[in-house]
Amino acid sequence: MAVLPSFYHPRCLLTIILLQLPQLHSAHFDVIGPPEPIVARVGEDAELPCHLSPNVSAEHMELRWFRNKVSQAVLVHRDGRQQEAEQMLEYRGRTALVARDLAVGRVAVRIRGVRPSDDGEYRCFFKDDQSYEESTVRLKVAALGSDPHIHMEVQENGEIRLECTSVGWYPEPQVLWRTPEGEKFPSTSESKNPNEEGLFTVAASMIIRDISLENVSCCIQNLLLGQEKEVGISIPAPFFPNLTPWMVAVAVILMFLGLLSIGSIFFTWRLYKERSRERKDEFSSKERLLEELEWKKATLHAADVTLDPDTAHPHLFLYEDSKSVRLEDSRQKLPENPERFDSWPCVLGREAFTSGKHYWEVEVGDRTDWAIGVCRENVMKKGFDPMTPENGFWAVELYGNGYWALTPLRTPLPLEGAPRRVGIFLDCESGDISFYNMTVGSHIYTFPKISFSGPLRPFFCLWSSGKKPLTICPIAGGPEGVTVVVDAQDLSKDIPLSPMREDSASADSDTAHSKLIPTQPSQGAS
């Protein structure tokens, strides 16, 4: 039997054994972006760097640069190659991964031929298995425009009007009028309008009444680059004639006639607008009647919808009644299963619909950044597949200050007012998915007729955290005898309806009788 030498102390022996074990992979890392914005001129290339801390290898990680949302990808690098199918159209063929120090976690995305539309914040996102972190990189785009040009015009009253123009500036430049001695003058009018490429065309004018003024210059400054372009012009003295009494009298008469003309035009315009408004109100009342008919018909098929905790993203906290959910910054320790969303902060309803008509309402209150609708039961719940009908999602969302239907190119929804409660109607046989603003009782959007295959489930998503939850409203307790017109052409037919109750929980405050599901102490997103 072999005997260990006496110098092998038990502590030393333990150290040797640990050194022989495979090294454990540390899942904790931070993503660090540059402390200052990156400045790039239009047409040049820009590199947006970021790195890992500590300096671990990023060779097997998913790398993603995106704008406001993860789905708006500027560049995606996964499995050793660039994923062009996930990029936004305006960045395809214009971006490349700079991976000189990928083994120590230092990477950058190169944007070729920078455009004004590239200006703004970018998110640098690293993902390793279930761990992910991101950082912000700010890109400031700049362009120095053309040399200014001054046009001089002498007016009938003897005053001189100067107009300074220049094109190709970004961002909006500052215009100054000044004399060689440094005296500054304000512009009487100024416009800065972007062209199709986003570059600004500048036009500024001033009126000269001082006959002692001989030289004036127009200076246009790009404050971001700290550069300017200036051009001067000389004012000849003969351009300042003395005004005679008859010229003043003619000017007064012309001004009086002009005021009479303006008053007549304004009166005619007001009369036209009032008559147009009357015709529009008459048409809108008929249109609203038909919309009211549609959503009240939908409420006849009220469904009792509850949330399925087995599908909820770890950052989503469900209430005990399974009717309310909110997004938190902390991450729960939940069992991993194929039905749980791991990237999008989403949760499904327990109910699966394969036939019939179904209607439910969701209280969104005044919270921002949400998406609701229906989806196929077998949609991909892992990764960042776009939420479009092609991938099995039919939903509308509020993101930022705009309402959208989640079609492949996102359809903007111009609404009369912000809905605090949204009704969702599903007709499996006719392929109808419609959304209603229950605050004013109006139609929001209807997806094109669809032929469904497989069960459909209610779908909820939150893009930002907050104390105010998203709440499924209770179903109606019984008929309330509301009557609406069946056909706008036949006022003799009435139908009694049983709409959803109006006393459902409001999203303005947490539901008083519901508490968060008891969980283990929450863990921060790793």
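Quantities reported herein were computed from a predicted structural model and do not represent experimental measurements.

A.B. asks: Account for the state of the cysteines, with residues named and values stated.
C.D. replies: Here a disulfide denotes one covalent bond, and it connects the sulfur atoms of two cysteines. Summed over the entire model, instances satisfying the criterion amount to two disulfides. Each sulfur of the disulfide joining C50 and C124 lies 1.9 Å from the other. Looking down the S-S bond of the C50 and C124 bridge, the torsion is 45°, so its handedness is right-handed. Within this pair, whereas C50 is found in strand β3 (residues 46-53), its partner C124 is found in strand β9 (residues 120-128), the two being separated by 74 residues in sequence. Bridging C164 to C218, the disulfide has an S-S length of 2.1 Å. On the sign convention where negative is left-handed, the bridge of C164 and C218, at about -80° about the S-S bond, is left-handed. In this pair, C164 is assigned in strand β12 (residues 160-169) and C218 in strand β17 (residues 215-222), connecting sequence segments 54 residues apart. The same class applies to C164 and to C218, which are both buried. Assigning the bonded cysteines of the protein consecutive numbers by sequence position, one obtains the connectivity 1-2, 3-4.

A.B. asks: Can you tell me about the packing of aromatic side chains, naming the residues and giving the values?
C.D. replies: The full count for this structure, using the stated rule, is 13 aromatic pairs. Three or more aromatic residues link up through ring pairs in this structure, and these residues are F66, F125, Y132, W344, F384 and W463. Between the NZ or CZ atom of R67 and the centre of the ring of Y122, over which it lies, the distance is 4.3 Å.

Quick notes on the rules
- Residues numbered from 1 in each chain as written.
- Predicted model: local features only at pLDDT ≥ 70, side-chain atom pairs only at ≥ 80, totals over all residues.
- Heavy atoms only, no water.
- Disulfide = S-S within 2.5 Å.
- Helix = DSSP H or I, 4+ residues; strand = E, 2+ residues; numbered from the N terminus.
- Buried < 20%, exposed > 50% of the residue type's maximum accessible area, 1.4 Å probe, protein only.
- Phe/Tyr/Trp six-rings, centres within 6.5 Å; stacked < 30°, edge-to-face > 60°.
- Lys NZ or Arg CZ within 6 Å of the ring centre and 35° of its normal.

These figures come from the coordinates and say nothing about function on their own.
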